[in-house]
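Chain by chain, the residues run as shown.
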Amino acid sequence: MATPVLIIGKSGSGKSTSMRNCQNNDFNLIRVLNKPLPFKGKVNGWFSDDYQQIMKLLIASKADSIVIDDAGYLITNHFMRGHSSSGKGNGVFSCTTTLETISGT
């Protein structure tokens, strides 16, 4: 299983730009927002904001590290999706339980 690396910071602080030195097979990138990277080159990876899919990607990856850009949006998207569902209310805070169930811890 790859080591997850979370990038959290203010807008425009260089979170995505910091990936410019990670353009090799040791790194994969999960983009929570499907936005282009602010530099030339390519970082292998995926687009997803689904916790279950991300956990599967972490387990299946051959890379040493996977960067999740931007984890703040990952949390916000999860909250908003659950909050807007009828009858769920504060049930959106179940992401920790979901991740523990998937990982078996």
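*Asks:* Requested: an account of the overall build of the protein chain, with residues and values cited.
*Replies:* Regarding its fold elements, the protein chain presents three helices and four strands. Starting at the N terminus, the α and β elements of the protein chain follow one another as β-β-β-α-β-α-α. Buried positions account for 33% of the 105 residues belonging to the protein chain. Within the protein chain, contacts between residues at least 6 apart in sequence are counted, and of these 54% link residues at least 24 apart. Of the roughly 6700 Å² of accessible surface on the protein chain, 53% is carried by carbon and sulfur atoms.

*Asks:* For the side chain of Asn 28, give the residues involved together with the corresponding values.
*Replies:* Secondary-structure assignment places Asn 28 in strand β2 (residues 27-31). By relative accessible area, Asn 28 is classed as buried at 10%. Residues in contact with Asn 28, not counting those within four places in the same chain, are Val 43, Asn 44, Gly 45, Trp 46, Ser 61, Ala 63, Ser 65, Ile 66 and Val 67.

*Asks:* Run through the environment of Lys 40, naming residues and quoting values.
*Replies:* As for its position among the elements, Lys 40 is in the loop between β2 and β3 (45-47). Counting along the chain gives 20 residues from Lys 40 to Arg 20, while the straight-line C-alpha distance between them is 8.0 Å.

*Asks:* Go over the nonpolar core, please, and point to the residues and values.
*Replies:* Formed by Ile 30, Val 32, Tyr 51, Ile 54, Met 55, Leu 57, Leu 58, Ile 66, Ile 68 and Leu 74, the largest nonpolar core amounts to 10 residues. Elements with a minimum of two residues in this core: α1 (51-60) and β4 (65-69). The greatest single-element share of this core, amounting to five residues, is contributed by α1. Ignoring any residue separated from it by four or fewer positions in sequence, one finds Ile 30 in contact with Trp 46, Ser 48, Ile 54, Leu 57, Ile 66, Val 67, Ile 68 and Asp 69. By size, the runner-up hydrophobic cluster in this structure holds eight residues, among which are Met 19, Cys 22, Leu 29 and Phe 39.

*Asks:* Can you lay out the pairing of β4 for me, pointing to particular residues and giving the numbers?
*Replies:* When you tally the buried positions in β4, you get five out of five residues, the bulk of the element. Neither face of β4 is left uncovered, since the one carrying Ser 65, Val 67 and Asp 69 and the one carrying Ile 66 and Ile 68 both have all their residues buried. Bridge count between β2 and β4: five bridges; the pairing is parallel. Each bridged residue has a counterpart across the sheet, and for Asn 28 the counterpart in β4 is Ile 66.

*Asks:* Run through the confidence of the model for the protein chain, naming residues and quoting values.
*Replies:* Predicted confidence across the protein chain gives a mean pLDDT of 75, with 72% of residues reaching 70 or more. The secondary structure element of the protein chain with the lowest average pLDDT is helix α3 (residues 95-103), at 54, and the one with the highest is β3, at 88.

Rules of the game
- Residues numbered from 1 in each chain as written.
- Predicted model: local features only at pLDDT ≥ 70, side-chain atom pairs only at ≥ 80, totals over all residues.
- Heavy atoms only, no water.
- Helix = DSSP H or I, 4+ residues; strand = E, 2+ residues; numbered from the N terminus.
- Buried < 20%, exposed > 50% of the residue type's maximum accessible area, 1.4 Å probe, protein only.
- Contact = heavy atoms within 4.5 Å.
- Areas by Shrake-Rupley, 256 points an atom, 1.4 Å probe, with all protein chains shown as cover.
- Core = buried A, V, L, I, M, F, W, Y, C linked by side-chain atoms within 4.5 Å.
- Pairing = 2+ DSSP bridges.
- pLDDT = per-residue confidence, 0-100.

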